[in-house]
Amino acid sequence: MTEARLDEILAPGVAPDEVPELAPLLQARPLLAAFSTLFHGSEAEVLMRLLVLREIGRETDAPRWGPDQLRQRFAFLDPVKLETVLRRLRGNGLLEIGDDNRYALSDLGRNAVAAIGMLLGFAAEDDLELGFLTTQLAGQTAMGNVTPESLGHLLGKLNDLAWHFEDAIASGSEFRISDARRRLSANTRWIEKGTEVLRQLLADPDVSFELARVAQRIGLAQSRLARVDAAFQRALNKIEAQRVTLGGSGISSSDVAGWLRRQDVRHLAGLAAGVLAPAPELTLLAGGHELLDRAELTLSDEARQIEADTALPPFEAAPSRAEPEPEDLRLLQHFSQRLARLAEAGHAPETLAALVSGGGFPAASYRLSLLALLADAGAEGESNAPADGPIGDFMRLPLDVHFDAATVAVGSDEIATMSAGLVGARGSLPAPQAVPVLDATALPPDEA
């Protein structure tokens, strides 16, 4: 079977150079070819190549191997198969052979072994992806080469965990909630490590606006996960209140369900076969009342007609239902009116602290989340805004919102510090790199 070429996979008339998403992959062809060499073929062939490559790279004091040393080290492998593996690894740039006819890992091979070793190190974790992504981000932060793509991978994993935990709570299953809670506990240290990395990243005054924006969204996702444990406890308390105890034995319905889940399928089938076996035919025992009921049905034509009548009952008008209580959007509408004045001609931009503070921490955090929603709407266009309603009117405000990586001191309304930034009419704000870090020691009173 011949392998498909790249131009055969693309749509007719589309060249590989015309697809921007392919550019980084095409530039990394040597690295991708190395991994293709390792993982192409059957499982046994892949395991054999990884085994040989890892063992060759494990020797640090004398990293060069002679043919006799290799045959002695891998005496448990078939000699012909070993020679085939060495030839394949050498032909695809993972191994090098010097003038002295000794084998050694190439730079590409050592990088591949290191990457695979890191993944294998996390194989015993409940969520190896979160640990691997956090460790990778910590290394990139230390080297100063963090990219929005690496931050996006971590953000996607955190959102996926949040969705999984919320789905477990919505299921109402005690076992799913308990499993999800154990999973959250196992990932707590990686979430805390990610928080430290983000603090280190945002402490850099030269961090780009795009990195700061994604990092802020990661912080919100981590806060969302931190609140999930309390939701787990509330759900388990609700299940505890509905638990049924079997008599005075002290055994609950949860204990029975847990015991059944631990049993083997064949054991459960044997139990079911014994319980659901056909019961022996018993002689009918009936008293006077039962005999009278049966006699009335047999002797009365009206009773027989009622028993045999299968017609549907006449239709009735459906009962009226009260309309659901409308959501209280007064704070949103009032905040929209305040922001609308910034879009007027000649109105100067205002700081985030001046617009957000006032009314205590709950109201301020709500306004800050609305500004983050407005910033995303401005970056992604207004097509995602609802067609009508207060939320749609808010998202269509002609304003720009710039968040800065630095923070400013507030010291009032239950707020110690908050993110710096500006809000102004569309096109009136300076470039993100030029946003000043403003002091918010004297803030105007809230108009709410």
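Position numbers for residues start from 1 in each chain and track the written sequence from start to end. In keeping with the model being predicted, local features are shown solely for residues with a pLDDT of at least 70 and side-chain atom pairs are shown and tallied solely at 80 or more, while totals for entire chains, interfaces and linings include all residues. Excluded from the side-chain calculations are hydrogens and water; all other atoms, namely the structure's heavy atoms, are used.

**Concerning the sheet that holds strand β4 (residues 399-412)**
Whether two strands pair depends on DSSP finding at least two bridges between them. Strands are runs of DSSP state E lasting at least two residues, helices are runs of H or I lasting at least four, and both sets are numbered from the N terminus onward. Strand order in the open sheet made by the 3 strands is β3-β5-β4, with antiparallel pairing throughout. Either end of the sheet is taken by a strand with one partner, and the two such strands are β3 (350-351) and β4. In terms of strand pairing, β4 meets strand β5 (residues 415-425) through 9 bridges, oriented antiparallel. Bridging from a neighbouring strand, L399 pairs with A425 of β5.

**Observations concerning the side chain of E55**
Looking at the secondary structure, you find E55 in helix α4 (residues 43-58). At 2.7 Å, the side chain of E55 and the side chain of R73 are in polar contact. Between two residues, a contact is recorded if the distance between any of their heavy atoms is within 4.5 Å. Apart from the residues lying within four places of it in its own chain, the contact partners of E55 are W65, R73 and F74. In the analysis that follows, any N or O atom pair within 3.5 Å is treated as a polar contact, provided that within protein one partner can donate a hydrogen and the other can accept it, and provided that, for residues neighboring in sequence, both atoms belong to side chains.

**Some thoughts on the packing of aromatic side chains**
Planes of paired rings set the category: under 30 degrees apart is stacked, over 60 is edge-to-face and the rest tilted, where pairs are Phe, Tyr or Trp rings (Trp by its six-membered ring) whose centres lie within 6.5 Å. Within the structure shown, the criterion is met by 4 aromatic pairs. Plain terms: the ring middles of F165 and F232 are 5.7 Å apart, the flat faces sit at 80° to each other, and that makes the pair edge-to-face. A residue pair is termed long-range when its members are at least 10 positions apart, and F165 in helix α9 (residues 148-171) and F232 in helix α12 (residues 228-241) qualify at 67 residues. In this scheme, the term charge over a ring applies when either NZ of a lysine or CZ of an arginine sits within 6 Å of the ring centre and within 35 degrees of the ring normal. It is R73 that lies over the ring of F74; its NZ or CZ is 5.7 Å from the centre.

**As for helix α7 (residues 107-121)**
With 15 residues, α7 should cover 21 Å at 1.5 Å per step; its first-to-last C-alpha distance of 21 Å lies within 8% of that length. Under the scheme applied here, a residue whose accessible area is under 20% of the maximum for its type counts as buried, over 50% as exposed, and between as partly exposed, the area being computed with a 1.4 Å probe on protein chains only. Within α7, the full set of buried residues consists of G109, A112, V113 and I116. Along the axis of α7, the buried positions cluster into a sector of 100°, meaning they face one direction only. Exposed residues lying more than 90 degrees from the buried face of α7 are D107, N111 and G121. Tucked into the core, α7 has its buried residues touching α3 (29-39), α4 and β2 (103-105). By this rule the span expected of a helix is its residue count minus one, scaled by 1.5 Å. Throughout, the arc means that of the directions going from the helix axis to the C-beta atoms.

**Some details on a nonpolar patch on the surface**
In this scheme, patches are assembled from residues that exceed 30% relative accessible area and form no salt bridge. Like charges are connected within 9 Å, while nonpolar side chains (Val, Leu, Ile, Met, Phe, Trp, Tyr) are connected within 5 Å. Calculation of accessible area relied on Shrake-Rupley with a 1.4 Å probe; when residues are assessed, cover is drawn exclusively from the protein chains displayed. A pair is scored as a salt bridge if a Lys or Arg side-chain nitrogen falls within 4 Å of a carboxyl oxygen belonging to Asp or Glu. Nonpolar side chains collect at one region of the surface, where I251, V256, W259 and L260 lie side by side and expose about 320 Å² of accessible area between them. One can find V256 in helix α13 (residues 253-262). When its relative accessible area of 31% is taken as the criterion, V256 is described as partly exposed.

**Structural notes on the packing of helix α10 (residues 174-202) against α12**
Orientation of α10 relative to α12, taken along the N-to-C sense of each, is 155°, at an axis distance of 10 Å. Classified by the interaxial angle, the pair formed by α10 and α12 is roughly antiparallel. Of the two possible hands of crossing, α10 and α12 adopt the one that is left-handed. Together, E174, I177, S178, A180, R181 and L184 of α10 and V228, D229, F232, Q233, A235, L236 and I239 of α12 make up the contact between the two elements. Where helices are involved, their axes are fitted lines through C-alpha atoms of the stretch in contact, as for all axes, and angles between N-to-C directions lie from 0 to 180°. Any angle that is under 35 degrees is reported as roughly parallel, and any over 145 degrees as roughly antiparallel; angles of 65 to 115 degrees are reported as roughly perpendicular and all others as oblique. For a crossing to be left-handed, the near helix must be turned anticlockwise from the far one by less than a right angle; the clockwise case is right-handed.

**A word on the environment of G427**
Relative to the helices and strands, G427 is located in the segment after β5. On the basis of relative accessibility, which here comes to 67%, the residue G427 falls in the exposed class. Expressed as a C-alpha distance, the spacing of G427 and D400, which sit 27 residues apart in the sequence, is 7.1 Å.

**Topic: helix α17 (residues 330-340)**
Taken residue by residue, α17 has L332, F335, S336, R338 and L339 as its buried positions. Across the axial projection of α17, the buried residues extend over an arc of 160°, all falling on one side. For α17, the exposed residues lying more than 90 degrees away from the buried face are R330 and Q337.

**A short note on the nonpolar core**
Put simply, a nonpolar core is a bunch of buried Ala, Val, Leu, Ile, Met, Phe, Trp, Tyr and Cys residues held in one set by side-chain atoms that sit within 4.5 Å of each other. Among the nonpolar cores identified, the biggest contains 35 residues, and L151, F165 and I218 are the most heavily contacted of them. For this core, the secondary structure elements donating two or more residues are α8 (128-143), α9, α10, α11 (209-226) and α12. Dropping the residues within four chain positions of it, I218 is found in contact with L151, L154, L155, L158 and L198. Formed by 25 residues, the second largest nonpolar core is a distinct cluster that contains L332, A375, L397 and F403.

**Concerning the pairing of β5**
The element β5 is extensively covered by neighbouring structure, given that 8 of its 11 residues are classed as buried. Where β3 meets β5, 2 bridges bridge the pair, whose relative direction is antiparallel. Paired with T351 across the bridge in β5 is L422.

**Some points on the environment of M48**
If you trace the backbone, M48 turns up in helix α4. C-alpha of M48 to C-alpha of L38: the two residues are 10 residues apart in sequence and 9.2 Å apart in space. Here M48 is in contact with L77, K81, L82 and V85, once residues within four sequence places are set aside.

**With respect to the pattern of salt bridges**
Within this structure, the stated rule accounts for 10 salt bridges. For the salt bridge of E45 with R49, the shortest nitrogen-to-oxygen distance reads 3.9 Å. Of this pair, E45 and R49 both sit in helix α4, 4 residues apart, which is roughly one turn of the helix. Between R73 and E55 there is a salt bridge, with the nearest N and O atoms lying 2.7 Å from each other. Of this pair, R73 sits in helix α5 (residues 67-73) while E55 is found in helix α4, placing the two residues 18 residues apart along the sequence.

Read these as layout, nothing more, since geometry by itself doesn't imply function.
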